[in-house]
Amino acid sequence: MVQAKIESEQKLFINGEWRKAKEYTPLYSPYSGEEISKVPMASLQETEDAIEAAVQAQAAMRMLTAYERSEILYNLVNLLKQNYDRAAVLIALEAAKPIGTAKAEVDRTIQTYKFAAQEASQLFGETIPLDAAPGGQNRLGYTKPEPLGVIGAITPFNFPMNLVAHKVGPAIATGNTIVLKPASQTPLSSFFLAELLHEAGLPAGALNVITGSGRVVGDHIVTHEKVKMITFTGSPEVGKQIRERAGLKRATLELGSNSAAIVDEDTEIDRVIGRCVQGAFSFQGQVCISLQRVYVHENIYDAFVEKFIQETKKLTIGDPLDEKTDVSALISKGDVDRALAWINEAKDRGATVVTGGKAEGNILLPTVIVNASSQLKVSCQEVFAPIVVINPVSSVEQAVEEVNNSRFGLQAGIYTRDIQKAMWVSDRLEVGGVMINDIPTFRVDNMPYGGVKESGTGREGIKYAVKEMTETKLVVVNNNY
């Protein structure tokens, strides 16, 4: 495995230059607890400088042709391929993501930027038949997409490269400029991206990466009048605050979930059990669409739970840099403590922990809970840990009610061999995406991705993010003149 060289002290990336900050904070490995590097804490002035650099770079981005924007993104794709192992190791170190899962994220990141490169060359409007209305004769009308301006991007720790790509890729494709604030625990991937995009030929100031306090950096980005859009992935609580403070800015908010799957009585358990375990415990459950709730028909419930436990116990726990590791450390000690408290609440209120429920350092063992009420935190809140709740249901109709009994609505899945039943369920689930014969954790990077209720507003997926990041301008030519 290639070891990524990490500078002992990181720098802010503003206007195409690396800038040392006045204040730093240590960055620790979630797995070992060792210091990885020191991360700059941007001041209000440095945040202002980054926004102003993005404002000034708008002219250069507008001058780029569609071909040139596409070429920059393809250059980035090639640089990521050349630095593949380095990228994966960075993710594993800063996020404690098992290296195999980290490599899968790099693969997806490369694909995401490919989609962005393709979209950059496919921006077009439409002609409008103005003569369909009285008074519109002898006039030509057409639309064209234009960039919004400065995009403020605020990203989480769990996909430090690919979720950044879902914001940076379409922003570049559409000719916007970006001020990026990555998660405090995973800034290394974003600094690495800045390095590669600079080499790929992106104009200075088009991407600025600043780290620091959410109250300083994040608030200034959200409220600044020159920032035209906020794209945010994170908690519903922070998302609501952003929506309240963003004013008339556009906002794409990808927020929380407690995603569920329904397993009908005709399901072949052996064919789906491995997939369900993967959906529940991949990257320690720290995935917005992680499989958190499973509703299994009572006729196959006992067999499903038994086989789920057997498959869970096969997972390898350990160092994220070990190729054999399936599950490693949660992102922080605080998250371990919170998850254990939620598990204990479930036990105290009648649920049964059939495996796991304990921690080894910052590693929470994969945990399966049965017979948990919908009022428990492990059921009704976003657990963001390797915890799954499996409950019996008497019918698919009951399962749909249980799935919809949530303040979230991101994605859900149903396993059934009855296509009519599957379609009936898909019409009634209150979610942004329904996966038939798959877990809710399925995502590829060109599909529309987003939720309803407290799971957010807007859609990601490059084609759909491009629409969010452009303004439609109408042009009318009067041929009578």
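These remarks concern the structure in this document. This one's a predicted model, so the numbers in the text were calculated from it and none came from an experiment.

About the criteria used
Residues numbered from 1 in each chain as written. Predicted model: local features only at pLDDT ≥ 70, side-chain atom pairs only at ≥ 80, totals over all residues. Heavy atoms only, no water. Helix = DSSP H or I, 4+ residues; strand = E, 2+ residues; numbered from the N terminus. Rg over C-alpha atoms; globule rule 2.2 N^0.38 Å. Buried < 20%, exposed > 50% of the residue type's maximum accessible area, 1.4 Å probe, protein only. Areas by Shrake-Rupley, 256 points an atom, 1.4 Å probe, with all protein chains shown as cover. Lys, Arg positive; Asp, Glu negative; His and termini not counted. Charge placed at Lys NZ, Arg CZ, Asp CG, Glu CD. Arc of directions from axis to C-beta. Contact = heavy atoms within 4.5 Å. Polar contact = N/O pair within 3.5 Å; in protein donor to acceptor, adjacent residues only side chain to side chain. Phe/Tyr/Trp six-rings, centres within 6.5 Å; stacked < 30°, edge-to-face > 60°. Lys NZ or Arg CZ within 6 Å of the ring centre and 35° of its normal. Pairing = 2+ DSSP bridges. Core = buried A, V, L, I, M, F, W, Y, C linked by side-chain atoms within 4.5 Å.

**Quick word on the overall build of the protein chain**
Helix and strand counts for the protein chain stand at 16 helices and 24 strands. Compactness check: the protein chain gives a C-alpha radius of gyration of 24 Å against a globular reference of 23 Å for 481 residues, within 12% of the reference. Taken across its 481 residues, the protein chain has 56% of its residues classed as buried. Only carbon and sulfur atoms are counted for the fraction: they give 48% of the accessible area of the protein chain, which is about 19,900 Å². Averaging the positions of the 49 positive and the 58 negative side-chain charges in the protein chain gives two centres separated by 3 Å.

**Things to note about helix H14 (residues 396-404)**
Residues of H14 that are buried include every one of Val396, Ala399, Val400, Val403 and Asn404, and no others. The arc enclosing the buried residues of H14, seen along the axis, measures out at 130°, which places them on a common side. In this fold, the buried residues of H14 make contact with strand S12 (260-263), strand S13 (293-297), strand S18 (387-393), strand S20 (411-415), helix H15 (419-428) and strand S22 (452-453).

**Notes on the side chain of Asn176**
Structurally, Asn176 is set in the loop between helix H6 (162-173) and strand S8 (177-181). Exposure remark for Asn176: the relative accessible area of 0% places this residue in the buried category. In this structure the side chain of Asn176 is engaged in a polar contact, spanning 2.7 Å, whose partner is the backbone nitrogen of Leu148. At 2.7 Å, the side chain of Asn176 and the backbone nitrogen of Gly149 are in polar contact.

**What to know about the packing of aromatic side chains**
Summed over all chains, the structure comprises six aromatic pairs. Seen from their ring centres, Phe13 and Trp18 are 4.7 Å apart, and the 55° between their planes marks the pair as tilted. Taking the relative accessible area as the measure of exposure, Phe13 reaches 4% and is therefore buried. Judged by its relative accessible area of 40%, Trp18 is partly exposed. Measuring from centroid to centroid gives 5.8 Å for Phe157 and Phe384, while their planes differ by 90°, and the two rings are edge-to-face. Note that Phe157 is positioned in the loop between strand S7 (150-154) and H6 and Phe384 in the loop between helix H13 (377-380) and S18, a separation of 227 residues in sequence. Overall, Phe384 belongs to the buried group, its relative accessible area being 17%. Put simply, the rings of Phe13, Trp18 and Phe191 pair up and form one aromatic cluster. Above the plane of the ring of Phe159 lies Lys97, whose end atom (NZ or CZ) is 3.8 Å from the centre. A cation over an aromatic ring shows up here: Lys97 above the ring of Phe283, its NZ or CZ 4.4 Å from the ring centre.

**Topic: the sheet that holds strand S6 (residues 139-147)**
Here we have three strands laid out as an open sheet, ordered S5-S6-S24, and antiparallel in their pairing. Looking at which strands have only one partner, the edges of the open sheet turn out to be strand S5 (127-128) and strand S24 (470-478). Strand direction decides the pairing type here: S6 and S24, joined by nine bridges, are antiparallel. Within the sheet, the bridge partner assigned to Thr143 lies in S24 and is Leu474.

**Observations concerning the environment of Thr325**
Its location among the elements puts Thr325 in the loop between helix H11 (301-312) and helix H12 (333-348). Given a relative accessible area of 7%, Thr325 falls into the buried group. Separated by 2.7 Å, the side chain of Thr325 and the backbone oxygen of Asp319 make a polar contact.

**Details of the nonpolar core**
Counting 55 residues, the largest nonpolar core has Tyr113, Val168, Leu197 and Leu207 as its most contacted members. The element that contributes the greatest number of residues to this core is helix H5 (residues 99-120), accounting for nine residues. Apart from the residues within four sequence positions on either side, Val168 is in contact with Tyr113, Ile178, Leu180, Leu193, Leu197 and Leu207.

**What to know about unusual backbone geometry**
One non-glycine residue, Phe283, lies in the positive phi region at around 45°. Under the relative-accessibility criterion, Phe283 is labelled buried at 1%. Phi is positive for Asn371, close to 55°, though the residue is something other than glycine. Examined against the element boundaries, Asn371 turns out to sit in the loop between strand S17 (367-370) and H13. The exposure class assigned to Asn371 is partly exposed, which follows from its relative accessible area of 46%.

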